[in-house]
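Analysis of the macromolecular model
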Protein chains: 2
Amino acid sequence: MLEEAARRELLCATGLNDVYLEQLFTFGEPSRDPRSHVVSVSYMALLADPKRIAKPASKYARGEWFEVSALPPLAYDHALMAEYGVKRLKSKLEYSNIAYNLLPEVFTFAQFEGLYELILARPIDRRNFRRRILTMGLLRELPSKLRGAHRPAALYSFNKRSLQIIEML
Amino acid sequence: MLEEAARRELLCATGLNDVYLEQLFTFGEPSRDPRSHVVSVSYMALLADPKRIAKPASKYARGEWFEVSALPPLAYDHALMAEYGVKRLKSKLEYSNIAYNLLPEVFTFAQFEGLYELILARPIDRRNFRRRILTMGLLRELPSKLRGAHRPAALYSFNKRSLQIIEML
DNA sequence: CCAAAAGTGTTTTAAATACACCCATGC
DNA sequence: GCATGGGTGTATTTAAAACACTTTTGG
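My aim in this report is to walk through the structure given alongside it, one point at a time.

A look at the overall build of chain A
- Per the secondary structure count, chain A includes 4 helices and 5 strands.
- From first element to last, N terminus to C terminus, chain A shows the α and β order α-β-β-α-β-α-α-β-β.
- Viewed in the frame of its principal axes, chain A has a C-alpha envelope of about 60 × 35 × 30 Å.
- Buried positions account for 35% of the 169 residues belonging to chain A.
- Accessible area of chain A: about 10,700 Å², with a carbon and sulfur share of 55%.
- Taken as two groups, the 25 positive and 19 negative side-chain charges of chain A have centres that lie 7 Å from each other.

What about the pattern of salt bridges?
- All chains considered together, the criterion is met by 16 salt bridges over all chains.
- We note a salt bridge from A:Lys92 to A:Glu22, for which the minimum N-O separation is 2.9 Å. Of the two residues, A:Lys92 sits in helix α2 (residues 78–93) while A:Glu22 sits in strand β1 (residues 20–27), which places them 70 residues apart along the sequence. Exposure class is identical for A:Lys92 and A:Glu22. Each is buried.
- Its salt-bridge partner being B:Arg88, residue B:Glu22 comes within 2.6 Å of it at the nearest N-O pair. Residue B:Glu22 is found in strand β1 (residues 20–27), and its partner B:Arg88 is found in helix α2 (residues 78–95); the two are separated by 66 residues along the sequence.
- For B:Glu22, a relative accessible area of 7% gives the class buried.
- Residues joined by salt bridges that share partners form a network here, namely A:Glu22, A:Arg88 and A:Lys92.

Some details on helix α4 (residues 126–136) of chain B
- Capping the start of α4(B), B:Asp125 holds a side-chain oxygen 3.0 Å from the backbone nitrogen of B:Arg127, two or three residues further along.
- Phi turns positive one or two residues past the end of α4(B), at B:Gly137, with a value near 75°.

Quick notes on the protein's contact with DNA strand C
- Near DNA strand C, the surroundings consist of 21 residues, among which A:Arg127, A:Gly148, A:Ala149, B:Arg126 and B:Ala154 are the closest.
- Of what DNA strand C places within 4 Å of the protein, 47% of the atoms are sugar or phosphate.
- A distance of 3.3 Å separates a base oxygen of DNA strand C from a polar atom in the side chain of B:Arg131.
- Taken together, the elements giving at least two residues each to the surface near DNA strand C come down to α4 (126–136) of chain A together with α4 and β5 (153–158) of chain B.

Describing the environment of B:Glu3
Residue and element names in this part refer to chain B.
- Structurally, the position occupied by Glu-3 is in helix α1 (residues 2–14).
- Sequence-wise, Glu-3 and Ser-42 are 39 residues apart; in three dimensions their C-alpha atoms are separated by 9.8 Å.
- Once you skip the residues sitting within four places of it in the chain, Glu-3 turns out to touch Leu-21 and Tyr-43.

Brief notes about the packing of aromatic side chains
- Per the counting criterion, the structure on display carries 26 aromatic pairs over all chains.
- Taken together, a centroid distance of 4.9 Å and an interplanar angle of 40° make the contact between B:Phe112 and B:Tyr116 tilted. Of this pair, B:Phe112 and B:Tyr116 both sit in helix α3 (residues 109–120), separated by 4 residues, roughly a single helical turn. For the pair B:Phe112 and B:Tyr116, one class covers both residues: buried.
- An aromatic cluster of three or more residues is present, and its members are A:Tyr100, A:Phe107, A:Phe109, A:Phe112, A:Tyr116, A:Phe129, A:Tyr156 and A:Phe158.
- Over the aromatic face of B:Tyr84 sits the side chain of B:Lys87, whose NZ or CZ is 4.9 Å from the ring centroid.
- Taking NZ or CZ as reference, B:Arg130 lies 4.8 Å from the ring centre of B:Phe109, over its face.

Each value, and the rule that gives it
Residue positions are given per chain, counting from 1 as you read along its sequence in written order. The order in which chains are written sets their letters, starting at A; the order in which ligands are written sets their numbers, starting at 1. A pLDDT threshold of at least 70 governs which residues receive local features in this predicted model, and a stricter bar of 80 or more applies before side-chain atom pairs are shown or counted, although totals over entire chains, interfaces and linings include all residues. Hydrogens and water molecules were not included; the side-chain quantities draw on all heavy atoms of the structure. Every helix listed is a DSSP run of H or I at least four residues long, and every strand listed is a run of E at least two residues long, numbered separately from the N terminus. For every residue, the accessible area obtained with a 1.4 Å probe (protein chains only) is divided by the maximum for its type, and the residue is called buried under 20%, exposed over 50%, and partly exposed between those limits. Accessibility throughout is a Shrake-Rupley quantity obtained with a 1.4 Å probe, and a residue counts as covered only by protein chains that appear here. Asp and Glu count as negative and Lys and Arg as positive, but His and the ends of the chain are not part of the count. To locate a charge, take atom NZ for lysine, CZ for arginine, CG for aspartate or CD for glutamate. Salt bridge, as applied in this entry: a Lys or Arg side-chain nitrogen positioned within 4 Å of an Asp or Glu carboxyl oxygen. Residues adjacent in sequence count toward polar contacts only when both atoms are side-chain atoms; beyond that, a polar contact is any pair of N or O atoms within 3.5 Å, and within protein one must be able to donate a hydrogen and the other to accept it. We call a residue near a molecule or strand when any one of its heavy atoms sits within 4 Å of it. We call two residues contacting when some pair of their heavy atoms lies within 4.5 Å. In this analysis, rings of Phe, Tyr and Trp, with Trp reduced to its six-membered ring, are considered paired at centre separations within 6.5 Å, and the interplanar angle assigns stacked below 30 degrees, edge-to-face beyond 60, and tilted for intermediate values. The rule is short: NZ of Lys or CZ of Arg within 6 Å of the ring centre and within 35 degrees of the ring normal puts a charge over the ring.

Here it is as structure tokens:
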């Protein structure tokens, strides 16, 4: 199975396990690898915590993190694949709860909003966004609060931590 | 190239040429073909006129038409592929001008609306729909009219006959 | 003049947008 | 008491939805 192969490969290369995985596109230009005709089925993985890739558990990890805005030169057409993934993520953010893969179990609304602003690469009006998301019932507020240097922030969780397709922006 | 292979195969099997083609999904379950492990990259083709598949030009055509609501039993996981294609078309209809592949150069608004109602499988309010589509500038009205048994209908064409992504419904 | 399909406007309702101040805490 | 980030409300604008009659033609 392709997805299982992708998971195996990901585990092997980065030590990552149990991540959201989504097939993106299959590339088959004969010229993409000058040596032989290779067909590649690309997948995108999402995870909330970059530290997971640096854990001691993954002794043989070769993964490294880059900002998508500052990728190093990639082999073959892999930059295309990355671009495709970002595009898919951006659009899926607008009609699903896919963000649950990119946040911890529990988070503040500021984190949630920050994620959207980061990925969509545009500022979002806090009040309007909050109203929309909360009336939509995407999140549930937890009784506890995050205590920190400033006013304590309400904590939230996703109502469902499985992919829900919902028109949301 | 995968898309070229799909076009070749389509031409060979149905005599169809110059159609819109879009990659859908790549299936790789080992069990999908009991004899050997086959990976299939599925594509969807769109064409306006079903008669194109029955033309004399395609002597060796083996294509046959079915309503998606009444497909015969298909080999392997091909029913899944068809379902996937319908899903993709439905959603793309709502945020692009992909419909230009499913209508002749010139058509009436009733045809246009009928296409949407058919694919989305729900009735659409004529007045609201018309207003939205026309103010959106998706179509351009032609000077001539279609004369028939009843009141002549205005004729329209798509402004652009290439895929445009536009939030439209 | 009748049947059939084409065409058109208004009112109501809901959603999106724009926008600025107060609150709670740690230091 | 001040710096910092968290939290909130209203008025305006825009878009969606609901809804039914008139027009034009051929026969």
